[in-house]
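One-letter residues, chain by chain:
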Amino acid sequence: MRTRIRMYATAAGIVAAATVGPALPASAAVPAPTVGDFNGDGYADLAVGVPDGAVGGKAKAGYVNIVWGGPKGIGTRGSIRISQSTPEVPGTPEAGDRFGASVALVDLNGDGSAELLVGAPGEDISGLGKDVGMVLAVGGGKDAPGSGSVVLDGRSPSAAYGLSVAAADLTGDGNKEIVIGGRDKVVARVAQGEDSMVATVVTAPMGGRAPVLATGDFTGDGKADLAVGYWSKTPFTQSHVRLWAWDAAEQAMVNTWNTDNAGVSALAAGDFDGDGHDDLALGECREIADENIDDPCGPEETAKGGGIHVHYGSATPGSFGSRRQTLNQDTVGVAGIAEDGDHFGASLAVADVDKDGRDDLIAGAPGEAIGAREGAGAATLLFGGPTGLVDAWGEGHSVGYQQNTPRVPGVAEAGDAFGAAVATGDYNHDGRADLAVGSPGENAGSGGVWLLPRAGVNGSSAFTPAKLGLPSPSSALAYGRYLNGR
């Protein structure tokens, strides 16, 4: 079986029947090489983007908070802040830079430690104009970040490079390409030995939203491919999820697969049926335009409250996406009840939580109402199986979590938006995937992050800006809206 390649560039009555993580045979609990370890101590760390944070009195200059992993997971060993006031980082903090609007921890040079990729879409550049945008890379370090450099900046006003970012080996040469989403554009910085080139992936109206990015080997050729989701209603209504692959002869990214008329809030790649081929999950998939395309997100009723539509990979060349599944909170076995405004699937993360050789999907529903508390939010762990996320009887298998779940800290309150972002990582290096859930509306918009060890409630904890000693902890930092630990 080949090695999969993937990288993730986000109701009342929710079920909480299982209050511990899935069982795992002791023989299987062997820690794998650490992914997302920024300080090189052997534990995965979590990057939290705080683009609304002030730096040096500059409103929304933004920063990134790296929360250290350790024997008890994240949130117990402190953290560091990285901004453009950090000596190793290029630039100067300015009002509205929104440094941290996208974050990724990726081992770019293959040394076993992660670098931080961070977008600053509001960056102004002299001679080019306002909101040109920029993506930077910052090296890891034991007690402080290593040196930083500019990966790429926009070339025109309002280009807003850094609205989204991802990285993967798209060319198959062992080097990782950095993919950058801007306003109405996606580009890739392609490594070519000691040099690089910038390849335009797509230029199209995107409605002012950050293009949604994910990578996985969808074509089965051993190289990562790029999935891009975007939609707009101007100058006309259109919506797309498209796959792009590197063409060595053309020295360009080429479009290889499309599903049109589908608008998404999140994308994630994983092998949900364990067949060795990457699948693509479309989060909060909904039909945006009537283009005479029948049900691009599956049956219309499964879009209520947010639906997840999965296109499956296959050993047959050119057949990606021919097998599909759709589920929402009204699917038998899926926690919760589908209600308008739940935004089920607005954030996605992937890990093999139960170590059965099939990836599982974590879906955030930040609009979920808990009792009468609207927008309290929830997160659902959906288990993969022999047929994927839906079994042969059309049922899902899941566990739901929210702040009213027994042994989960806190209390579900209106507007908490628990589940607005989700991330996975082995933060205590025990060989099992842990789950981080962002709740940016917590504490009147100050925000917080919840840790669910082994994606279960036993030993769960929460940390907030105040607990970490961050500046202005009671202001509207929306801490937890932007997460990435891989």
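Please read all numbers here as calculations on a predicted model, not as lab measurements.

**Focus: the overall build of the protein chain**
Tallying secondary structure elements over the protein chain gives 1 helix and 30 strands in all. Here the C-alpha atoms of the protein chain give a radius of gyration of 21 Å, agreeing with the 23 Å that 2.2 N^0.38 yields for 486 residues. The dimensions of the protein chain, computed from C-alpha atoms along their principal axes, are 60 × 50 × 45 Å. Split into buried and exposed, the 486 residues of the protein chain put 59% on the buried side. For the protein chain, the exposed surface amounts to about 17500 Å²; the carbon and sulfur share of it is 50%. One way to put it: in the protein chain the 33 positive side-chain charges average out to a point 5 Å from where the 59 negative ones average out.

**Notes on the sheet that holds strand β6 (residues 115-120)**
Spatially, the 4 strands line up as an open sheet ordered β5-β6-β7-β8, and their pairing is antiparallel. Edge positions in the sheet fall to β5 (102-106) and β8 (148-153), since each has one partner strand and no second. Between one strand and the next, the sheet's axes are offset by a mean angle of 20°, whatever the strand orientation. Relative to β8, strand β7 (residues 134-138) is paired through 5 bridges, and the arrangement is antiparallel. Counterpart to V135 in the pairing with β8 is L152.

**Some words on the sheet that holds strand β24 (residues 378-382)**
Strand order across the open sheet formed by 4 strands is β22-β23-β24-β25, with antiparallel pairing between neighbours. A single partner strand is all that each edge strand has here, and the edge strands are β22 (347-351) and β25 (398-401). Each strand of the sheet is rotated relative to its neighbour by a mean of 20°, with strand direction disregarded. Bridge count for strand β23 (residues 360-365) against β24 is 5 bridges, and the pairing is antiparallel. Bridge pairing in β24 links I362 to L381.

**Here we look at the confidence of the model for the protein chain**
Detailed reading of the predicted coordinates is not advisable wherever pLDDT is low. Put simply, the protein chain has an average pLDDT of 91, and 92% of its residues get 70 or more. Across residues 1-31 the pLDDT falls below 50, and counting only partners more than four positions away or on other chains, this stretch makes 102 contacts in the model.

**A short note on the pairing of β22**
Among the 5 residues that make up β22, 5 are buried, leaving the element largely enclosed by the rest of the structure. Here β22 runs beside β23; their pairing, made up of 5 bridges, is antiparallel. If you follow L348 over to β23, its bridge partner there is A363.

**As for the nonpolar core**
Across soluble globular proteins, nonpolar side chains have a tendency to be buried as a group. Residues L46, V67, I74, Y427, F463 and Y479 are the most contacted members of the largest nonpolar core, which totals 21 residues. Every element with two or more residues in this core is listed here: β2 (46-50), β3 (63-67), β26 (421-425) and β28 (449-452). For this core, the element with the most residues is β2, which contributes 3 residues. Setting aside residues up to four positions removed in sequence, V67 forms contacts with D45, L46, V48, I74, G75, G78, S79, F463, L468 and Y479.

Cut-offs used in this document
- Residues numbered from 1 in each chain as written.
- Predicted model: local features only at pLDDT ≥ 70, side-chain atom pairs only at ≥ 80, totals over all residues.
- Heavy atoms only, no water.
- Helix = DSSP H or I, 4+ residues; strand = E, 2+ residues; numbered from the N terminus.
- Rg over C-alpha atoms; globule rule 2.2 N^0.38 Å.
- Buried < 20%, exposed > 50% of the residue type's maximum accessible area, 1.4 Å probe, protein only.
- Areas by Shrake-Rupley, 256 points an atom, 1.4 Å probe, with all protein chains shown as cover.
- Lys, Arg positive; Asp, Glu negative; His and termini not counted.
- Charge placed at Lys NZ, Arg CZ, Asp CG, Glu CD.
- Pairing = 2+ DSSP bridges.
- Axes fitted to C-alpha atoms, helices over the stretch in contact; angles between N-to-C directions.
- pLDDT = per-residue confidence, 0-100.
- Contact = heavy atoms within 4.5 Å.
- Core = buried A, V, L, I, M, F, W, Y, C linked by side-chain atoms within 4.5 Å.

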